[in-house]
Protein chains: 2
Amino acid sequence: MSEADPKPTRGRPKTMNAEQVLDVAMTAYWQSDPADVSVNAICQMAGISKPSLYREFGSEDGLSRAALDRYAEQVLSEMFVILNGGTGLRATLDALIDFASDDPRMETGCLFYKMRAGKHRLGPDTKVRVEEIDAAGQAAYAAFLQAARDAREWPDGLSVEAGAKYLGEQIALAITQRASGEDPARIREMLTLALSVFTRP
Amino acid sequence: MSEADPKPTRGRPKTMNAEQVLDVAMTAYWQSDPADVSVNAICQMAGISKPSLYREFGSEDGLSRAALDRYAEQVLSEMFVILNGGTGLRATLDALIDFASDDPRMETGCLFYKMRAGKHRLGPDTKVRVEEIDAAGQAAYAAFLQAARDAREWPDGLSVEAGAKYLGEQIALAITQRASGEDPARIREMLTLALSVFTRP
DNA sequence: TGCTATTCGTACTGTGTGGTACCAAAACAA
DNA sequence: TTGTTTTGGTACCACACAGTACGAATAGCA
């Protein structure tokens, strides 16, 4: 939160609710695809004019970056909670599988993964934010696996970094398949198979 | 080849080489992304006018469909050859891992997977073709796994269909990661890990 | 020399995009 | 009342896109 609007004492009172606009944008980007949602469409959905949106967010890049920030706070944080739960290897993996395969919030996929998949189409600020979140995710997966290794729950033979990357990509794959309408039971079956490498000799 | 041009005996001789244009289009779609290559750009790269291209392919959909057909013949066929090699479970899986992780042709990814990932942006004909190829791939993976099961090389506990889907998605994931510049050694490591579920008790 | 058939490319259409110039509306301060 | 400040939205800009109308060019046939 670097933005601090001191609420000007003069001037025409603003009718636009930035939070609500951001919510509309985030939802639209999320439910369809960031590349398929235009600024015009968002203005129409939010019931505001284009100059109003540009006054608030500066550019399309600013808007999508703000939407991604909001998504990270509201949704992605849940995944970090699961990873930092400290409930042991098997329980945490199961929780991740549940989240990716059956959580209704992931029914139309994950905004972050959608943005990452179309990274080259993003504006510079949003792109940077995507890379930051990606790195944070990697680190969280790595910390989780390192803890499991420390607790002797996970055998050697694979580096923590490689395991973290593998785990992250399998989760991403599962959630991306949710977005394409795949049967959740099938997704769960495949993700369970993919992650079984962590819990077998 | 349903197109049979009887080579008209009259009229201005055509200077456009359809094969070469198709090659330019296929390469452009492949190296970058079908959604990021415009008809204008292809015309410029191929050194022809837009009406010439539309006379030959009818529409953007026709062009991308033709490019995908060409790609299936020239590149994708290689994967079917590997799958039908009949060299046993382990050897075939290793060949698939080699192809996905290190074959220079997959250095910028796979046109089919790129089209499949952005299916909703394709024209109807191209979309249908993508779905056909997807189904054919599924069937080939399934036949391969069924053969392995018949030869007692692969234990029960997972349906052939689920295994085929899993195998196909892991290959797709690996090749997609190639396109995003991931280290081939890392990709090989992860793909090997993912496919180890087929060769371990 | 026409006449017909086919391909050529210039120049256009209409639509959608991200982004903005500009002025009216609405508040407080003088 | 008269400025000043801020927000509002209409109407525009330039650009890129897919697709096309149309006349010039080039061939064989009469």
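In this report, we go over the structure that sits alongside the text. (Residues numbered from 1 in each chain as written. Chains lettered and ligands numbered in written order. Predicted model: local features only at pLDDT ≥ 70, side-chain atom pairs only at ≥ 80, totals over all residues. Heavy atoms only, no water.)

**As for the overall build of chain A**
Then comes step 1: Along chain A, the regular secondary structure elements total nine helices and zero strands.
Then comes step 2: Ordering the α and β elements of chain A from the N terminus gives α-α-α-α-α-α-α-α-α.
Then comes step 3: Each principal axis of the C-alpha distribution contributes one length, and for chain A these read about 70 × 35 × 25 Å.
Then comes step 4: Scored against the burial criterion, the 201 residues of chain A give a buried share of 47%.
Then comes step 5: The long-range fraction of contacts in chain A, counting pairs at least 24 apart against all pairs at least 6 apart in sequence, stands at 68%.
Then comes step 6: Averaged over its 23 positive side-chain charges, chain A has a centre that lies 4 Å from the centre of its 29 negative ones. (Helix = DSSP H or I, 4+ residues; strand = E, 2+ residues; numbered from the N terminus. Buried < 20%, exposed > 50% of the residue type's maximum accessible area, 1.4 Å probe, protein only. Contact = heavy atoms within 4.5 Å. Lys, Arg positive; Asp, Glu negative; His and termini not counted. Charge placed at Lys NZ, Arg CZ, Asp CG, Glu CD.)

**Things to note about the pattern of salt bridges**
Then comes step 1: Applying the stated criterion to the full structure yields 32 salt bridges over all chains.
Then comes step 2: Close ionic contact of Lys165 of chain A with Glu182 of chain B constitutes a salt bridge, the shortest N to O distance being 3.3 Å. Here Lys165 of chain A, found in helix H8 (residues 160-179), pairs with Glu182 of chain B, found in the loop between helix H8 (160-179) and helix H9 (184-195), and the two come from separate chains.
Then comes step 3: With relative accessibility at 13%, the residue Lys165 of chain A sits in the buried group.
Then comes step 4: Glu182 of chain B gets classed as partly exposed once you look at its relative accessible area, which sits at 21%.
Then comes step 5: Between Glu189 of chain B and Arg186 of chain B there is a salt bridge, and its shortest N-O distance comes to 3.7 Å. With Glu189 of chain B and Arg186 of chain B both in helix H9 and three residues apart, the pair spans about one turn of that helix.
Then comes step 6: Classification of Glu189 of chain B by relative accessible area gives partly exposed; the value is 31%.
Then comes step 7: Residue classification places Arg186 of chain B among the partly exposed residues on the basis of a relative accessible area of 25%.
Then comes step 8: Residues joined by salt bridges that share partners form a network here, namely Arg65, Asp69, Arg129 and Glu132 of chain A. (Salt bridge = Lys/Arg side-chain N within 4 Å of Asp/Glu carboxyl O.)

**A few points about the packing of aromatic side chains**
All names here are of chain A.
Then comes step 1: Under the definition given, this model contains eight aromatic pairs over all chains.
Then comes step 2: For the ring pair Trp30 and Tyr71, a centre distance of 4.8 Å and an interplane angle of 80° mean the geometry is edge-to-face. Note that Trp30 is positioned in helix H1 (residues 18-31) and Tyr71 in helix H4 (residues 60-83), a separation of 41 residues in sequence. Pair check on accessibility: Trp30 and Tyr71 agree, each one buried. (Phe/Tyr/Trp six-rings, centres within 6.5 Å; stacked < 30°, edge-to-face > 60°.)

**Some words on the environment of Tyr54 of chain B**
Residue and element names in this part refer to chain B.
Then comes step 1: Residue placement: Tyr54 occurs in helix H3 (residues 50-57).
Then comes step 2: For Tyr54 and Leu83, which are 29 residues apart along the polypeptide, the C-alpha to C-alpha distance reads 37 Å.
Then comes step 3: Those residues within four positions of Tyr54 in sequence are excluded, and the remaining contacts are Val39, Ser59 and Glu60.

**Some words on helix H9 (residues 184-195) of chain A**
Then comes step 1: The terminal C-alpha atoms of H9 of chain A lie 16 Å apart, and with 12 residues this matches the ideal 16 Å at 1.5 Å per residue to within 8%.
Then comes step 2: Taken as a whole, H9 of chain A has its buried residues at Ile187, Met190, Leu191, Leu193, Ala194 and Leu195 of chain A.
Then comes step 3: Looking at the buried positions of H9 of chain A, the neighbouring elements they touch are helix H5 (89-102) and H8 of chain A together with H8 of chain B. (Expected span 1.5 Å × (residues − 1).)

**Here's the deal with the protein's contact with DNA strand D**
Then comes step 1: The full set close to DNA strand D counts 24 residues, and Met16 and Arg55 of chain A together with Thr9, Lys50 and Glu60 of chain B are the nearest of them.
Then comes step 2: Lys50 of chain B places a side-chain nitrogen or oxygen 2.5 Å from a base oxygen of DNA strand D.
Then comes step 3: When contributions to the surface near DNA strand D are tallied by element, the ones reaching two or more residues are helix H3 (50-57) of chain A together with helix H2 (39-46) and H3 of chain B.
Then comes step 4: Residue composition of the surface near DNA strand D, grouped by class: seven nonpolar, nine polar and eight charged. (Near = heavy atom within 4 Å. Polar contact = N/O pair within 3.5 Å; in protein donor to acceptor, adjacent residues only side chain to side chain. Nonpolar A, V, L, I, M, F, W, Y, C, P; charged D, E, K, R; others polar.)

**Focus: the packing of H4 of chain A against helix H7 (residues 124-150) of chain A**
All names here are of chain A.
Then comes step 1: Contact geometry for H4 and H7: axes closest at 9 Å, N-to-C directions at 10°. With respect to H7, the element H4 is oriented roughly parallel. Here H4 contributes Asp61, Ser64, Arg65, Leu68, Asp69, Ala72, Leu76, Met79, Phe80 and Leu83 to the contact with H7, which in turn contributes Pro124, Asp125, Thr126, Arg129, Val130, Ile133, Ala136, Gly137, Ala140, Tyr141 and Phe144.
Then comes step 2: Partitioning the contact of H4 with H7 into residue classes produces 13 nonpolar, three polar and five charged. (Axes fitted to C-alpha atoms, helices over the stretch in contact; angles between N-to-C directions. Parallel < 35°, antiparallel > 145°, perpendicular 65-115°, else oblique.)

**Some details on unusual backbone geometry**
One can expect most non-glycine residues to show negative phi and most peptide bonds to be in trans.
Residue and element names in this part refer to chain A.
Then comes step 1: The backbone of Arg152 shows a phi angle near 60°, a positive value even though the residue is not glycine.
Then comes step 2: Examined against the element boundaries, Arg152 turns out to sit in the loop between H7 and H8.
Then comes step 3: Under the relative-accessibility criterion, Arg152 is labelled exposed at 73%.

**Some details on the interface of chain A and chain B**
Then comes step 1: Taken residue by residue, the interface counts 24 residues in chain A and 25 residues in chain B.
Then comes step 2: At the boundary of chain A with chain B, total buried surface from both sides reaches about 2,200 Å², with 57% on carbon and sulfur atoms.
Then comes step 3: Counting across the chain A and chain B interface gives four salt bridges.
Then comes step 4: Across the contact surface, chain A and chain B share seven residue pairs in polar contact (both at pLDDT 80 or more).
Then comes step 5: Mapped by element, the contributors of at least two residues to the side of chain A that touches chain B are H8 and H9 of chain A.
Then comes step 6: Broken down by element, the side of chain A that touches chain B gets its largest block of residues, eight residues, from H8 of chain A. (Buried area = accessible area lost by both parts, 1.4 Å probe.)

**Examining the environment of Ala66 of chain A**
All names here are of chain A.
Then comes step 1: For Ala66, the position within the fold is in helix H4.
Then comes step 2: Since its relative accessible area comes to 17%, Ala66 is described here as buried.
Then comes step 3: Separated by 43 residues in the primary sequence, Ala66 and Asp23 have C-alpha atoms spaced 9.9 Å apart.
Then comes step 4: If we skip the residues at most four places from it in the chain, Ala66 touches Leu22 and Phe57.

**A look at the relation of the copies chain A and chain B**
Then comes step 1: Each copy of the sequence occupies a distinct position, and chain A is placed on chain B by a rotation of 180° and an axial shift of 0.0 Å, giving an RMSD of 0.0 Å. The relationship between the two copies is best expressed as a two-fold rotation axis. Of every C-alpha in chain A, the one belonging to Ala194 of chain A sits nearest the axis of rotation, 2.9 Å from it.
Then comes step 2: When the interface residues of chain A are mapped onto chain B, 100% of them are again interface residues, pointing to one common binding face. (Least-squares fit on C-alpha atoms with pLDDT ≥ 70 in both.)

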